[in-house]
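# Observations on chain architecture
Here's the letter readout for the chains.
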Amino acid sequence: MFAAELLTSPQVQAFIQDAIKRRLDTLQVSTALSKAGYSNEDRAAIMDYMALLPKIQEKFGCLLVNDKNKFLLCDKLALEQSTAQDIGRWKANLWPASSDGDSSKSGASTVHDLCCGMGGDSFFIPASFKVVGIDLDENRIAMYRHNMKAIGKTAEVVCADVREVAKIREMPAGVYPGLRSGAGMTNTEFFTIDPARRAMEGENQRDLRNLTPTLEEVVEISKHYQGGMVKLPPGYPPAEIPDGTEILYLGGHSDCRECLVLFGSLAKNPDTVRAVMIGKDGNALAEWSRPRDRSLETLDEDLQEKLDRNDSLEGKDRTYRTSASRSDLPIGEIAMYISEPAPVLIRSHLFNAAALSCDPQAHLISEGIAYVASDKPLPAPGFTSYEIGAHSEISTGAVRAMLKEHDIGKITLKLRGVKLDPDAEIKRLKPKGKKSAILFYTRAAGEKIALLSLDH
């Protein structure tokens, strides 16, 4: 059980501040808590929370820049599922501009943060909006209330089932006492929701469609608002997202962290797919878009059949997939350059058009693997390009000979379409040269192949 009351008490908060100031290690913290009379259970709760503080600072540190003695409150699961400051700052621009810029005025628009959790999305809703955090989990509500106060924002807090709150106009009086007045529950224009993906820490939610509430329920919820945004896992099946929405894939240079779906008046470009690469400061580094094409969201029957029987196949008969959807790039030979698309381009299925706009001859070297071959490097930040100096079959002897020929002694091994332990493979190859290189283990026309890119 998450001990919100304990962790937010003045005594514990003061203890944590003192322990950080004195740079106490884990043993010293445990000893100090024991001497202070805390039970084993309370001591474990405090120490678990303190272990999370560096990660909380990394994810949300800038929010508390004016008061470093304040700590945001959450558990490990709430921290993992919350929206980080870079994505959150960029998403703040999606809310409509307010004319008065003051949420204290009666005419200010209201946003329901449904499944508000520890408050990661509410942190970045512009100050011109009234905000109501709603969650069915009392622990999350306690986190939310503490965190909004810690960052100096005002918000109403309601413990309720978001599926019922959305239907407040049709609810009989007294179902949730207090919801009809003073809590911003009626005439609310906007919503944001991050459906739960895991019920408990350590649970592996493999079925991305198993959300609470489900996407179908979220669509029903959206009908009670002018507009809203829904945070989905980046691998969520796009074919299940309804028409009339705007789909955005958001992440940084090396990740795609969420699929954001805009509903109603927030969908300024309905039936459009966008990929946005966001910098640490919350500004967009690059953006790509295309009209939505549902034919790209489903696999043709032949390819689906190959994927269904993959486990029993070997060699070039097997189809390997690292991209999120079927590619419309042709299959061709190894070229001078191999480029890795940014994850947001892969997830959004925009790397095809982005590559062809730079090189009309760009192509894949194997079906289902998102390595783009071209005669010239594809531009950053959408792509990371590598000049290929040599290639060989994947066998210890052949790869060793290739490394020796090019005097390679230090390698970075990248894998797509080939499964093995990179560290064990590097030890097995025993490179002894003076130069460094990047070694790709992948597929060309379905067959395993090693590609060598020399560092310059």
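Since the structure is predicted, the reported quantities are computational estimates derived from the model, not experimental observations.

Cut-offs applied
- Residues numbered from 1 in each chain as written.
- Predicted model: local features only at pLDDT ≥ 70, side-chain atom pairs only at ≥ 80, totals over all residues.
- Heavy atoms only, no water.
- Helix = DSSP H or I, 4+ residues; strand = E, 2+ residues; numbered from the N terminus.
- Pairing = 2+ DSSP bridges.
- Axes fitted to C-alpha atoms, helices over the stretch in contact; angles between N-to-C directions.
- Contact = heavy atoms within 4.5 Å.
- Phe/Tyr/Trp six-rings, centres within 6.5 Å; stacked < 30°, edge-to-face > 60°.
- Buried < 20%, exposed > 50% of the residue type's maximum accessible area, 1.4 Å probe, protein only.
- Patch = residues over 30% accessible without salt bridge, like charges linked within 9 Å, V, L, I, M, F, W, Y side chains within 5 Å.
- Areas by Shrake-Rupley, 256 points an atom, 1.4 Å probe, with all protein chains shown as cover.
- Salt bridge = Lys/Arg side-chain N within 4 Å of Asp/Glu carboxyl O.
- Lys, Arg positive; Asp, Glu negative; His and termini not counted.
- Charge placed at Lys NZ, Arg CZ, Asp CG, Glu CD.

### Here we look at unusual backbone geometry
Among all residues save glycine, negative phi is the norm, and among peptide bonds the norm is trans. Residue T212 is joined to P213 through a cis peptide bond whose omega torsion reads -5°. Here the residue pair A380 and P381 is connected by a cis peptide bond, since its omega of 5° sits within 30 degrees of zero. Locating P381 in the fold gives a position in the loop between strand 12 (372-374) and strand 13 (383-387). The phi dihedral of H349 is positive, around 60°, even though this residue is not glycine.

### Focus on the sheet that holds strand 17 (residues 447-454)
Read across the sheet, four strands follow the order 14-17-16-15 without closing on themselves; strand pairing throughout is mixed. Each edge of the open sheet is held by one strand with a lone partner, namely strand 14 (390-392) and strand 15 (408-415). Averaged over neighbouring strand pairs, the angle between their axes works out to 25° when direction is ignored. In this structure, strand 14 lies alongside strand 17, joined through three bridges in antiparallel fashion. Following the sheet pairing, S392 is matched in strand 17 by A450. Helix 13 (residues 396-405) rests against strand 14, strand 15, strand 16 (435-444) and strand 17 of the sheet, and its axis sits at about 165° to strand 14. Relative to strand 15, helix 14 (residues 422-429) is tilted by about 150°, and along the sheet it contacts strand 15 and strand 16.

### What to know about the sheet that holds strand 1 (residues 110-114)
In space, the nine strands of this open sheet follow the order 3-2-1-4-5-7-6-8-9, with mixed pairing throughout. Two strands bound the open sheet, and with one partner strand each, they are strand 3 (156-159) and strand 9 (284-291). The average undirected angle you get between the axes of adjacent strands in this sheet is 20°. One ladder, built from six bridges, connects strand 5 (residues 227-232) with strand 7 (residues 258-264); its direction is antiparallel. In the strand pairing of strand 7, K231 is matched with L260. Against the sheet, helix 9 (residues 215-222) engages strand 1, strand 4 (190-193), strand 5 and strand 7, with an angle of about 165° to strand 4.

### Overview of the packing of aromatic side chains
Within the structure shown, the criterion is met by nine aromatic pairs. Summarising the aromatic geometry, the rings of W95 and F129 are spaced 5.9 Å apart at their centres and angled 55° between planes, so their arrangement reads as tilted. Residue W95 is found in the loop between helix 6 (85-91) and strand 1, and its partner F129 is found in the loop between strand 1 and strand 2 (130-135); the two are separated by 34 residues along the sequence. Overall, the relative accessible area of 7% leaves W95 in the buried class. What makes F129 buried here is its relative accessible area of 5%.

### Here's the deal with a positive patch on the surface
Among the surface-exposed residues, R400, K404, K430 and K432 lie close enough to one another that they form a single positively charged patch. With relative accessibility at 77%, the residue K432 sits in the exposed group.

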